[in-house]
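A structural walkthrough
For reference, the chains in residue letters:
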Amino acid sequence: MESETSGAARRPLGVAVVGFGWMGRVHSQAYARVLHHFPQLTVHPELVTVAEEVPGRAEEAAAQFGFSRTSRDWRQVAADPRVHAVSITAPNFLHREIGVAMAEAGKHIWIEKPVGLTADDARAVADAVAKAGVQGTVGFNYRNAPAVETARELIASGDIGAVTHARIRLFSDYAAHPEGALTWRYERARGGSGVLGDLAAHGADLARFLLGDITSLAADTAVFLPERARPSGATAGHTLATGGESGPVENEDYVSCLLRFASGARGVLEACRVSVGEQNNYGFEVHGTRGAVFWDFRRMNELGVSLGTSYQDQPVSTLRVGPGHGEYGAFQPGAANSMSYDDLKVIEAHRFLRSIAEQTPYGATLTDAVHSATALEAMATSAESGTWVSLLHSV
């Protein structure tokens, strides 16, 4: 007898990927894997179209992942009745136009952060999704880590007492090489706010996910590598370029930010894309009146936990997450087996597809994207003015 979630019972759902750089590949892999880990899904993603303007890249994607069609123009995806859901993994400056168009065409969207260049861009996509009555999931993948979800539960339950202060860090060296190509990421018009949109967007989301709404902040920013060489051809990832014409880096390499939360807690958020010696050093420490939790993305499946009533000299133990934490059980049968970055995107794909199947949002939504983008905009304003900026009534 077939179960109700067998292949025969699942409803096919045509999906497309717009933009096939590294993140487009990650989304495609997630669609390919999602039923392996979440067989209870009642929809089956079918890869209909991959759209990419760089010649040959869409054809390569189709050959590898099995998309039935390729396109150089994302507008063909919006007009295709066989496509019901779209991953938007194009550069930031295209997020608003594509996101709004796809929602207006009745497509559910899974869009990468920061959802455009400004908070207005994120609001426009959010409004289009709400008006069209479609589902919208945003790529805030770090909140999907089982250890992060466990930390949130410990904080919410009061196990560490009232939160007093937290630190969130996102340090990377992907832009540290002085010969790194001057791609769209470093241009204000196409990349937006530099490390703010790239890394601090995740930090702002983690801060709110763990600790609640941010009420005000004060920030400082800097550009440490002011010029780069222009690339001679199409780029993917963080390509090096030598000998090309130099151009200015127009957005931030670094941000530091003081945060105040509605709960009364205080926080520090720091992000940098040119930190030599740091590779994906992302994490947080959250301290409360009775305890603390600590997480490092590089040891993604471990959570440092300090609980008790000692206060002084209270030890920290290591919790190795297992099947009882978050979505870990969909990937591994026992604690201390590794999960990966790509697994977090499979969780995200599952929540996106489940949202569509059940017409109920699961995971990070466009509302979360608006909150994050509003915080980023406040950081930029604060850095320019040198003052604290309120976020009350700004979302």
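Counting restarts for each chain, with residues numbered from 1 along the sequence as it is written. Side-chain atom pairs in this predicted model are given and counted only at pLDDT of 80 or more, local residue features only at pLDDT of at least 70, and totals for whole chains, interfaces and linings cover all residues. No hydrogens and no water enter the side-chain calculation; it runs on all heavy atoms of the structure.

1. Observations concerning the overall build of the protein chain
Selection rule: The helix count covers DSSP runs of H or I at least four residues long, the strand count covers runs of E at least two residues long, and both are numbered beginning at the N terminus. Note on method: radius of gyration uses C-alpha positions; expected globular size equals 2.2 Å times residues raised to 0.38. For the exposure calls, accessible area comes from a 1.4 Å probe over protein chains only, and a residue counts as buried if that area is under 20% of its type's maximum, exposed if over 50%, partly exposed in between. Per-residue accessibility takes into account occlusion by the displayed protein chains alone, with areas from the Shrake-Rupley method and a 1.4 Å probe.
Summing up its helical and strand segments, the protein chain has 10 helices and 17 strands in all. By the compact-globule yardstick of 21 Å for 395 residues, the protein chain fits well, its C-alpha radius of gyration being 21 Å. Projected onto its principal axes, the C-alpha positions of the protein chain cover 65 × 60 × 40 Å. By the burial criterion, 55% of the 395 residues in the protein chain qualify as buried. Surface accessibility of the protein chain: about 16600 Å² in total, with carbon and sulfur atoms responsible for 49%.

2. Here we look at the side chain of histidine 27
Worth spelling out the cut-off: Residues count as neighbours in contact if any of their non-hydrogen atoms are within 4.5 Å of one another.
Considering the arrangement of structural elements, one finds histidine 27 in helix H1 (residues 22-37). The class for histidine 27 is buried, based on a relative accessible area of 0%. Those residues in contact with histidine 27, other than ones at most four positions away along the chain, are Ser87, Thr89, Trp110, Glu112 and Lys345.

3. Brief notes about the packing of helix H6 (residues 146-157) against helix H8 (residues 195-211)
What counts is decided by this rule: Angles run from 0 to 180 degrees between N-to-C directions of axes, and those axes are lines fitted to C-alpha atoms, restricted for helices to the stretch in contact. Roughly parallel here means an angle under 35 degrees, roughly antiparallel means over 145, roughly perpendicular means 65 to 115, and every remaining angle is called oblique. Following the grouping adopted for this structure description, the nonpolar residues are Ala, Val, Leu, Ile, Met, Phe, Trp, Tyr, Cys and Pro, the charged ones are Asp, Glu, Lys and Arg, and the polar ones are all others, Gly among them.
The contact between H6 and H8 brings their axes to 8 Å, and the two run at 40 degrees. With respect to H8, the axis of H6 lies oblique. Facing H6, whose interface residues are Val148, Glu149, Ala151, Arg152 and Ile155, H8 presents Leu206, Phe209, Leu210 and Leu211. Of the residues that constitute the contact of H6 with H8, the class distribution is seven nonpolar, no polar and two charged.

4. Observations concerning helix H5 (residues 119-132)
Condition: Helices are assigned an expected span. That span is 1.5 Å times one less than the residue count.
Given a rise of 1.5 Å per residue, 14 residues ought to cover 20 Å, and the 20 Å separating the end C-alpha atoms of H5 matches this to within 8%. Among the residues of H5, Ala119, Asp121, Ala122, Ala124, Val125, Ala126, Ala128 and Val129 are the ones counted as buried. Buried residues along H5 sit in contact with helix H4 (95-104), strand S5 (108-111), strand S6 (136-138) and helix H10 (366-385). Phi turns positive, to about 70 degrees, at glycine 133, one or two residues after H5.

5. Details of a nonpolar patch on the surface
For the record, the criterion: A patch consists of residues exposed above 30% relative accessible area that lack any salt bridge, with like charges linked at up to 9 Å and nonpolar side chains (Val, Leu, Ile, Met, Phe, Trp, Tyr) linked at up to 5 Å. Counted as salt bridges are all cases of a side-chain nitrogen of Lys or Arg within 4 Å of a carboxyl oxygen of Asp or Glu.
A surface patch of nonpolar side chains, amounting to about 250 Å² of accessible area, comprises Leu258, Val268 and Trp388. Within the secondary structure, valine 268 sits in strand S12 (residues 266-272). The exposure class of valine 268 is partly exposed, given its relative accessible area of 33%.

6. Structural notes on the side chain of serine 306
Operational definition: Polar contacts here mean pairs of N or O atoms no more than 3.5 Å apart (in protein, one a potential hydrogen donor and the other a potential acceptor; neighbouring residues in sequence count only if both atoms are side-chain atoms).
Note on placement: serine 306 falls in strand S15 (residues 302-306). Serine 306 sits in the buried class, given a relative accessible area of 7%. Engagement of the side chain of serine 306 in a polar contact is seen with the backbone oxygen of proline 315, the distance being 3.1 Å. Excluding its chain neighbours within four sequence positions, the residues that come into contact with serine 306 are Ile160, Arg290, Gly291, Ala292, Gln314, Pro315 and Val316.

7. Regarding the sheet that holds S6
What counts, and what does not: Only strands that DSSP links by at least two bridges are regarded as paired with each other.
Strand order in this open sheet of six strands is S3-S2-S1-S4-S5-S6, and the pairing throughout is parallel. Edge positions in the open sheet fall to strand S3 (69-71) and S6, since each of these has one partner strand only. Here the average twist between neighbouring strands, direction ignored, is 25 degrees. Here strand S2 (residues 43-51) pairs with S3 via three bridges, running parallel. Its bridge partner lying in S3, alanine 51 is registered against serine 71.

8. Quick word on the pairing of strand S4 (residues 85-88)
Burial along S4 is two-sided: the residues Ala85 and Ser87 and Val86 and Ile88 are all buried. Bridge count for strand S1 (residues 11-18) against S4 is four bridges, and the pairing is parallel. Its bridge partner being in S4, alanine 16 is matched across the sheet by valine 86. As paired strands, S4 and S5 are joined by four bridges and run parallel to one another.

9. Things to note about the nonpolar core
Stated precisely, the cut-off is as follows: Residue types Ala, Val, Leu, Ile, Met, Phe, Trp, Tyr and Cys, when buried and joined through side-chain atoms within 4.5 Å, form a set referred to as a nonpolar core.
Formed by 125 residues in total, the largest nonpolar core has its most connected members in Met102, Val286 and Trp295. Per element, the largest residue contribution to this core is 11 residues, and it comes from H8. When near neighbours in sequence (up to four residues on either side) are disregarded, tryptophan 295 contacts Tyr142, Ala145, Ala147, Val148, Arg169, Tyr282, Gly283, Phe284, Met300, Glu302 and Leu303.

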